[in-house]
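Fold and contact review
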Amino acid sequence: MAKRRRLTPVGDDWAADEGLTALSEPKPALVPGLIAPAPIARVAGDAATTAAFEAVSDELHRARVEGRLVQTLPLAAVQDDYLVRDRILAEDEDLAALMASLRARGQQAPIDVVDLGAGRYGLISGWRRLSALRLLAAETGEARFGVVRALLRRPAESSDAYVAMVEENEIRVGLSYYERARIVAKLVDQGVYHSTQKALQSLFSTASRAKRSKIGTFIGIVVALDGVLLYPARIPERLGLALAHALEADLGLAARIRDRLVAAPPLDAEAETTLLAALLAEARPPIVSHAKQSQVDPEEVAPGISLGGKAGHLTLSGPGVTPAFHDRLIAWLQGAG
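Residues numbered from 1 in each chain as written. Predicted model: local features only at pLDDT ≥ 70, side-chain atom pairs only at ≥ 80, totals over all residues. Heavy atoms only, no water.

1. Thoughts on the overall build of the chain
Note the threshold: A run of H or I in DSSP counts as a helix once it spans at least four residues, and a run of E counts as a strand once it spans at least two, with each numbered from the N terminus. The buried label goes to any residue with under 20% of its type's maximum accessible area, the exposed label to any with over 50%, and the partly exposed label to all in between, with areas taken from a 1.4 Å probe on protein chains only. By definition in these notes, contact holds between two residues if any of their heavy atoms fall within 4.5 Å. Computed by Shrake-Rupley with a 1.4 Å probe, the accessible areas treat only the displayed protein chains as cover when residues are assessed.
Scanning the chain for helices and strands turns up 12 helices and eight strands. By residue count, 33% of the 337 residues in the chain fall in the buried class. When contacts within the chain are restricted to residue pairs at least 6 apart in sequence, long-range pairs at least 24 apart make up 65% of them. Accessible area for the chain stands at about 21,200 Å²; split by element, carbon and sulfur atoms hold 57% of it.

2. So, the sheet that holds strand 5 (residues 147–153)
Operational definition: Paired strands, in this sense, are two strands between which DSSP finds at least two bridges.
Spatial ordering of the open sheet is given by 1-5-3-4-2, a layout of five strands whose pairing is mixed. The open sheet has two edge strands, strand 1 (71–74) and strand 2 (78–79), and neither has a second partner.

3. Focus: the confidence of the model for the chain
Test applied: Note on scores: pLDDT gives the predictor's confidence for each residue, bounded by 0 and 100.
Overall, the prediction assigns the chain a mean pLDDT of 77, with 68% of residues at 70 or greater. Below pLDDT 50 for its whole length, residues 14–24 participates in five contacts with residues either more than four positions away or in separate chains. Scored below 50 in pLDDT, residues 287–292 makes four contacts in the model with residues more than four places away or belonging to other chains.

4. Things to note about the environment of Thr-273
Tracing the sequence through the fold places Thr-273 in helix 11 (residues 269–282). A C-alpha to C-alpha distance of 6.4 Å links Thr-273 and Ile-235, two positions 38 residues apart in sequence. Discounting residues that sit within four places of it in the chain, Thr-273 has contacts with Arg-234, Pro-236 and Leu-239.

5. As for the pairing of strand 4 (residues 120–125)
Counted residue by residue, strand 4 has five buried out of six residues, so it is predominantly covered. Inspection of the sheet shows strand 2 paired to strand 4 by two bridges, in the parallel sense. Bridging across to strand 4, Gln-79 finds its partner in Gly-122. One ladder, built from five bridges, connects strand 3 (residues 111–117) with strand 4; its direction is antiparallel. Residue pairing in the sheet places Asp-112 in a bridge with Ser-125 of strand 4. Between strand 3 and strand 4, which pair antiparallel in sequence order, lie two residues; one of them, Ala-118, sits at a positive phi of approximately 55°.

6. Structural notes on the packing of helix 6 (residues 177–189) against helix 7 (residues 196–203)
As a reminder, the rule being used: To get an axis, a line is fitted to the C-alpha atoms, and for a helix only the part in contact is used. The angle between two axes follows their N-to-C directions and goes from 0 to 180 degrees. Roughly parallel means an angle under 35 degrees; roughly antiparallel, over 145; roughly perpendicular, 65 to 115; everything else is oblique. Take the far helix as your reference; a near helix turned counterclockwise from it by less than a right angle gives a left-handed crossing, and one turned clockwise gives a right-handed crossing. Charged residues are taken to be Asp, Glu, Lys and Arg, nonpolar residues to be Ala, Val, Leu, Ile, Met, Phe, Trp, Tyr, Cys and Pro, and polar residues to be all remaining types, Gly included.
Two numbers describe how helix 6 lies on helix 7: the axes approach to 9 Å, and their chain directions differ by 125°. As the angle between them shows, helix 6 and helix 7 are arranged oblique. At the point where helix 6 passes helix 7, the crossing takes the right-handed sense. When helix 6 is examined against helix 7, the residues Ile-183, Val-184, Leu-187 and Val-188 are found in contact with a partner set consisting of Thr-196, Ala-199, Leu-200 and Leu-203. Considered class by class, the residues forming the contact of helix 6 with helix 7 number seven nonpolar, one polar and no charged.

7. Looking at the environment of Ser-202
For the record, the criterion: Between N or O atoms, a polar contact is any pair within 3.5 Å; within protein, one atom must be a potential hydrogen donor and the other a potential acceptor, and residues adjacent in sequence are included only when both atoms are from side chains.
Within the secondary structure, Ser-202 sits in helix 7. Note on Ser-202: relative accessible area 21%, which makes it partly exposed. In sequence terms Ser-202 and Val-163 are 39 residues apart; their C-alpha atoms lie 7.1 Å from each other. Each residue touching Ser-202, except ones within four places of it in the same chain, is listed here: Val-163 and Tyr-193. Within polar-contact distance, the side chain of Ser-202 engages the side chain of Tyr-193 at 3.0 Å.

Right, here's the structure in full:
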């Protein structure tokens, strides 16, 4: 008689009855509260996940350090006086337009900052955006205006930070000739650059030689009248160039301009421009010498200062001819007269 096929699972008892040996060890019973050993596939998967997470974390860290990751910072954590600003003020109309854009669309372009440590950041570029956000935060109290989007920069030297600031402003809106001249004079005075020529070449490397020459001419106005003029960024180019030459030829002109501005401060930029034009017309013309115009080669008369020129025209040059030296020379000449 044929043996019937067994349909129930083969058990150890049955194998023993039939004289068979079990092909595998019996599965250990699971003890409540203990976790079964993880399969090799699960271990490999966990290792791959950890490696991927570490790779992403490393890349995010590099992106942050290299200035490729936009961060959100509290407004209070950003110091806008980290650098001497090239912009003197924000025009009311321009600032109002920027604030309206921030209200409607939020901050579209991040500012640039440097990490000062202890949760503090120094502003490199984006002063107008930062100023507009602070005004909006004070005006509305909305949380969205209490933070600023920023990129972290790592300038090797302070001069690199200034170059970045100037380039960003030149591209976005453009600086006035007075603002350009002012940042040159300030950085030479602070020792960031050892000469006006070096500062001009570094800060405005993409500008033409003629443009750098005009900026250098405006430095005379900065030295003589910075802090006195109320709307210096609005001085037209032609008037500014003529004024700079007049200040050089008429040593008493700067004092007369100061006195008039203090006695009757102009109400707006147009009134100040009109006043400067009127005083310029009253200035003494340059002294023209009819003597033989023999050229004198520059000779060093003091450390870093050379004197040269020709009859009726003297030239001081060298790294020692700084805005501060110019101020001292003017004061000495006025006192000697």
